[in-house]
Amino acid sequence: MNILVINSGSSSLKYQLYNMNDESVLAKGLVERIGMDSSILTHKPTGKQDVTEVSEILEHNTAIRKVLACLTDKEHGVLASIDEINAVGHRVVHGGEFFKASALVDADTKTKIRQLFDLAPLHNPAAMMGITATEVNMPGVPQVVVFDTAFHQTMPEKAFMYAIPRVLYNKYKVRRYGAHGTSHDFVSKAAAEYLERPLEDLKIITCHIGNGGSVTAVQGGISVDTSMGMTPLEGLMMGTRSGDLDPAIVPYVMNKEELSVGEVNSMLNKHSGLLAISGISSDMRDIEAGAEKGDPNSTLAYDMYEYRLRKYIGSYTAAMNGVDVIVFTAGVGENSSKLREKVLKNLTFLGIELDEEANKVRSGDPRRITTVNSKVQVLVVPTNEELVIARDTNRIVQGING
Ligand code: AMP
């Protein structure tokens, strides 16, 4: 069973081809600058030379055609024919209240994804382009959609409602949905497995901190609260996103600076966060380097980022009336031992005992970074959202076949 996983953005398309017999990656790659001049396709077949091709790729249809050509190329390919791809799994950002789990693509699924365009105007239309392009190039091959929001559909009403007029929920479904669900799901399960403890018994706080970031309270294996809201702007301070702020700031600043809705949206999503406070970069590596050199703006950005993350961990400990395990994942969570140390050294009231040596170890596998006696176990678990998509696709497709 070979499964192609596709993550379509508005001008990009990432792919990964899995052999599900052993969950090995046969090839992966990326098409960038779709719709612009000189699009770039980078193809990385396992065990063979990487290939980079610059050409004009005006739409997702052509991007998929080129990817399929690479996968079956005599020299750089890994398959004899595209018939060897048994199913395709797509990442879709927003599943709204329609999707509590991954789903097979059919007419009804597509209608619902389209109905959610308003809630994810940048992401869902891009995913739809990927689905349509796959249909055109691989007719008859089953497709599955895996949603970033689905894992959080278990949140209780008290966690997902905003304290604003109910009519806005009734009319427009304004509520909290969360994101990074595939990652929070994957790392919480992997943590229970690593600790050899039943997931049902555990209170876990998962910190997915990369370019975007979110924290989730996972109780008994289900998401009971998460820091992202109706959109991925709420919650933690991120690379370029503000995270939580007083909503009154929005009309105030719009009025003072005569900003349009689009401009204020762009300010909060693309020109805030680490980038705005440091004035140098949205990348945590640059912020850490700046802080080490004594740059006051980088130091403030770093301190705010850590402080806000720590407050969410405290808040979710209260939400679950306790915590057994804290998990760090994604770019910053997996790689920044300094940030983890700073967070954990400020959470000693929870009985956390950091193992400083273990915290410095770099590895692609799940690992413990607290002492065995620590009251709360803290793990670093590398996330793998593509693998979750491939597994869900496999499960759903096998379900229909069988
Ligand atoms: P992601 O969105 O999960 O790919 O994470 C990307 C982010 O991870 C980058 O923007 C960096 O800020 C961060 N990152 C990657 N490597 C390191 C590192 N060694 N130390 C600190 N941050 C890192």
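Our subject is the structure that appears above.
Residues numbered from 1 in each chain as written. Predicted model: local features only at pLDDT ≥ 70, side-chain atom pairs only at ≥ 80, totals over all residues. Heavy atoms only, no water.

### Brief notes about the packing of helix α7 (residues 249-257) against helix α8 (residues 261-270)
For the pair α7 and α8, interaxial distance at closest approach is 10 Å and the crossing angle is 120°. Considering the angle they form, α7 stands oblique to α8. Between α7 and α8 lies a crossing whose hand is right-handed. On the side of α7, the interface is formed by Val250, Val253 and Met254, while α8 contributes Val261, Val264, Met267 and Leu268. Residue classes in the contact of α7 with α8 are distributed as seven nonpolar, no polar and no charged. (Axes fitted to C-alpha atoms, helices over the stretch in contact; angles between N-to-C directions. Helix = DSSP H or I, 4+ residues; strand = E, 2+ residues; numbered from the N terminus. Parallel < 35°, antiparallel > 145°, perpendicular 65-115°, else oblique. Left-handed = near helix turned anticlockwise from the far one by under 90°. Contact = heavy atoms within 4.5 Å. Nonpolar A, V, L, I, M, F, W, Y, C, P; charged D, E, K, R; others polar.)

### Some words on the sheet that holds strand β13 (residues 367-368)
Pairing in this open sheet of six strands is mixed, and the strands run β11-β10-β9-β12-β14-β13 from one edge to the other. Strands with a single pairing partner mark the edges of an open sheet, and in this sheet they are β11 (222-226) and β13. Note that β13 and strand β14 (residues 377-380) share two bridges and pair antiparallel. Along β14, the bridge assignment pairs Arg367 with Val380. Packing against the sheet, helix α13 (residues 337-345) makes contact with β9 (203-209), β12 (325-329), β13 and β14, and its axis sits at approximately 155° to β12. (Pairing = 2+ DSSP bridges.)

### So, the environment of Lys158
Take Lys158: it is sitting in helix α4 (residues 157-160). Separated by 185 residues in the primary sequence, Lys158 and Val343 place their C-alpha atoms 28 Å from one another.

### A few points about the site of the ligand
Taken together, the neighbourhood of the ligand is formed by Gly210, Asn211, Asp283, Met284, Arg285, Ala330, Gly331, Val332, Asn335, Ser336 and Arg362. At 2.9 Å from an oxygen atom of the ligand is found a main-chain nitrogen or oxygen belonging to Gly331. At 3.4 Å, a side-chain N or O of Arg362 approaches a nitrogen atom of the ligand. The fraction of the free accessible surface of the ligand (500 Å²) that becomes covered by protein chains is 73%. (Near = heavy atom within 4 Å. Polar contact = N/O pair within 3.5 Å; in protein donor to acceptor, adjacent residues only side chain to side chain. Areas by Shrake-Rupley, 256 points an atom, 1.4 Å probe, with all protein chains shown as cover.)

### As for the sheet that holds strand β1 (residues 2-8)
One open sheet accounts for eight strands, arranged β5-β4-β3-β2-β1-β6-β8-β7; its pairing is mixed. Each end of this open sheet is capped by a strand with a single partner; those strands are β5 (51-55) and β7 (103-104). Where β1 meets strand β6 (residues 87-92), four bridges bridge the pair, whose relative direction is parallel. Bridge pairing links Ile6 to His90 in β6. Sitting on the sheet, helix α1 (residues 60-71) is in contact with β1, β2 (13-19), β3 (24-32), β4 (39-45) and β5, with an inclination near 35° to β2. Across the sheet, helix α3 (residues 124-137) touches β1, β6 and β8 (143-147), and the angle it forms with β6 is around 170°.

### Some details on unusual backbone geometry
Residues other than glycine seldom take positive phi values, yet Ser38 does so here, at roughly 45°. By the element assignment, Ser38 lies in the loop between β3 and β4. Among the residues examined, Ser38 registers a relative accessible area of 36% and is labelled partly exposed. Phi is positive for Glu196, close to 55°, though the residue is something other than glycine. Its place among the elements puts Glu196 in the loop between α6 (181-195) and β9. For Glu196, a relative accessible area of 72% gives the class exposed. (Buried < 20%, exposed > 50% of the residue type's maximum accessible area, 1.4 Å probe, protein only.)

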